[in-house]
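Here are the chains, one letter per residue:
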Amino acid sequence: MEKKFNEIYSKGRNLYTHAFIDGRVYGEKLITENGINYREWNPFKSKYCAGLTNGLKENIFFKGATVLYLGSAEGTTVSHVSDIVGEEGNIFCVDLSEIAMQKLVKLSEKRENILPILSDAGIVDNYKEYLEDGVDALFQDVSQKDQTEIFLKNAVFLKKNCLGALSLKTLSISQSEKKEKILENEKKKLESVFEILQIVNLEPFETGHYLILVKKR
Ligand SMILES: C[S@@+](CC[C@H](N)C(=O)[O-])C[C@H]1O[C@@H](n2cnc3c(N)ncnc32)[C@H](O)[C@@H]1O
């Protein structure tokens with residue numbers, strides 16, 4: 001097992017996180033090496049992992065970080081972020097699906113660094129009281145037409161010079177326009193608040209998706 005980034009390991013093409021709590025979360029493979037338990041991270045089930053597999057140059061998450069994660073669903077990717085930030089970190093997880101939230105709440109009973117918030121991520125007033133101290137990392141994976149505007153609204157919580165990543169689903173923005181053109185438009189909006197550090201195409205794991213790595217100005 002080799003260290004790829006802080007708290008992320010690789011073996012061959014596969015990525016792993018060190019299991020902060022023992023046991024599977026979504027049927028992933030577990031391996032033990034030198035007495036340490038690792039959970040395999042599936043790039044077909046996690047856009048952040050797809051980004052890392054396709055060459056994302058920085059990991060926005062780190063041990064002890066406070067994270068705002070928009071579009072957590074039932075916690076597939078969140079469970080790996082939970083491994084990375086560890087017991088001193090916190091992940092505020094926003095999702096508007098009650099069904100997904102029920103599963104996430106169950107996961108948060110075992111993994112206490114997961115803090116579920118049932119809300120539309122476009123209505124930041126619903127949860128701003130929890131985020132007054134700001135966050136060290138911002139991640140978003142919501143398939144909405146106004147996904148960039150949602151990310152920009154939540155940028156107020158990200159501390160200056162900290163990193164964020166937006167998983168952009170171009171098909172949610174337009175079915176008729178070319179994905180490259182959509183990307184150019186969304187990039188311009190992001191540049192009002194962020195420096196764009198890298199754009200990673202998520203194929204073959206996800207069609208028409210990009211992971212945009214940003215730094216808050
Ligand atoms: C593709 S899934 C997220 C998968 C998850 N990020 C993972 O990797 O495990 C998208 C999620 O975004 C949520 N969502 C869509 N629009 C939203 C919004 N405006 N606010 C909050 N959550 C939203 C959906 O309920 C869904 O659970």
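Above this text is the structure in question.
Source: prediction; values computed, not measured. (Residues numbered from 1 in each chain as written. Predicted model: local features only at pLDDT ≥ 70, side-chain atom pairs only at ≥ 80, totals over all residues. Heavy atoms only, no water.)

1. Observations concerning the sheet that holds strand β3 (residues 14–18)
Taken together, 5 strands build an open sheet; the order of strands is β1-β2-β3-β5-β4 and the sheet is antiparallel. Looking along the sheet, the strands with just one partner apiece sit at the ends: β1 (2–5) and β4 (30–33). Across the sheet, the mean angle separating the axes of adjacent strands is 45 degrees when strand polarity is ignored. (Pairing = 2+ DSSP bridges. Helix = DSSP H or I, 4+ residues; strand = E, 2+ residues; numbered from the N terminus. Axes fitted to C-alpha atoms, helices over the stretch in contact; angles between N-to-C directions.)

2. As for the environment of Asp-120
Relative to the helices and strands, Asp-120 is located in the loop between β8 (114–118) and β9 (135–140). On the accessibility criterion, Asp-120 (31% relative accessible area) is partly exposed. Each C-alpha atom, one on Asp-120 and one on Leu-70, is 9.0 Å from the other, the two residues being 50 residues apart in sequence. Among residues more than four places away in sequence, those in contact with Asp-120 are Val-94, Leu-96, Asn-126 and Tyr-127. (Buried < 20%, exposed > 50% of the residue type's maximum accessible area, 1.4 Å probe, protein only. Contact = heavy atoms within 4.5 Å.)

3. Structural notes on the site of the ligand
Taken together, the neighbourhood of the ligand is formed by 18 residues, with Tyr-69, Thr-77, Asp-95, Asp-141 and Gln-144 sitting nearest. Within the backbone of Gly-71, one N or O atom sits 2.9 Å away from a nitrogen atom of the ligand. Within the side chain of Asp-120, one N or O atom sits 3.0 Å away from a nitrogen atom of the ligand. When the free accessible area of the ligand is taken as 600 Å², the share hidden by the protein chains comes to 84%. (Near = heavy atom within 4 Å. Polar contact = N/O pair within 3.5 Å; in protein donor to acceptor, adjacent residues only side chain to side chain. Areas by Shrake-Rupley, 256 points an atom, 1.4 Å probe, with all protein chains shown as cover.)

4. Notes on the sheet that holds β9
Reading across the sheet, the 7 strands line up as β8-β7-β6-β9-β10-β12-β11 and stay open at both edges, with mixed pairing between neighbours. Of all the strands in the sheet, the pair left with one neighbour each is β8 and β11 (194–201). Strand-to-strand twist of the sheet, defined as the mean angle between neighbouring strand axes without regard to direction, takes the value 15 degrees. Inspection of the sheet shows strand β6 (residues 66–70) paired to strand β7 (residues 90–95) by 5 bridges, in the parallel sense. Bridge pairing links Tyr-69 to Cys-93 in β7. Here helix α3 (residues 98–110) sits on the sheet in contact with β7 and β8, set at roughly 160 degrees to β8. Along the sheet face, helix α4 (residues 147–154) touches β6, β9, β10 (158–169), β11 and β12 (209–216) and points at about 165 degrees away from the line of β10.

5. What to know about the side chain of Thr-148
Topologically, Thr-148 is positioned in helix α4. Residues contacting Thr-148, with those up to four places away along its chain left out, are Leu-166, Leu-168, Glu-186, Lys-189 and Leu-190.

6. Focus on the pattern of salt bridges
For the coordinates displayed, the defined rule picks out 13 salt bridges. A salt bridge links Glu-33 to Lys-11, with the shortest nitrogen-to-oxygen separation between them at 2.5 Å. With a gap of 22 residues between them, Glu-33 in strand β4 and Lys-11 in strand β2 (residues 8–11) connect regions that are remote in the sequence. Taking the relative accessible area as the measure of exposure, Lys-11 reaches 39% and is therefore partly exposed. (Salt bridge = Lys/Arg side-chain N within 4 Å of Asp/Glu carboxyl O.)

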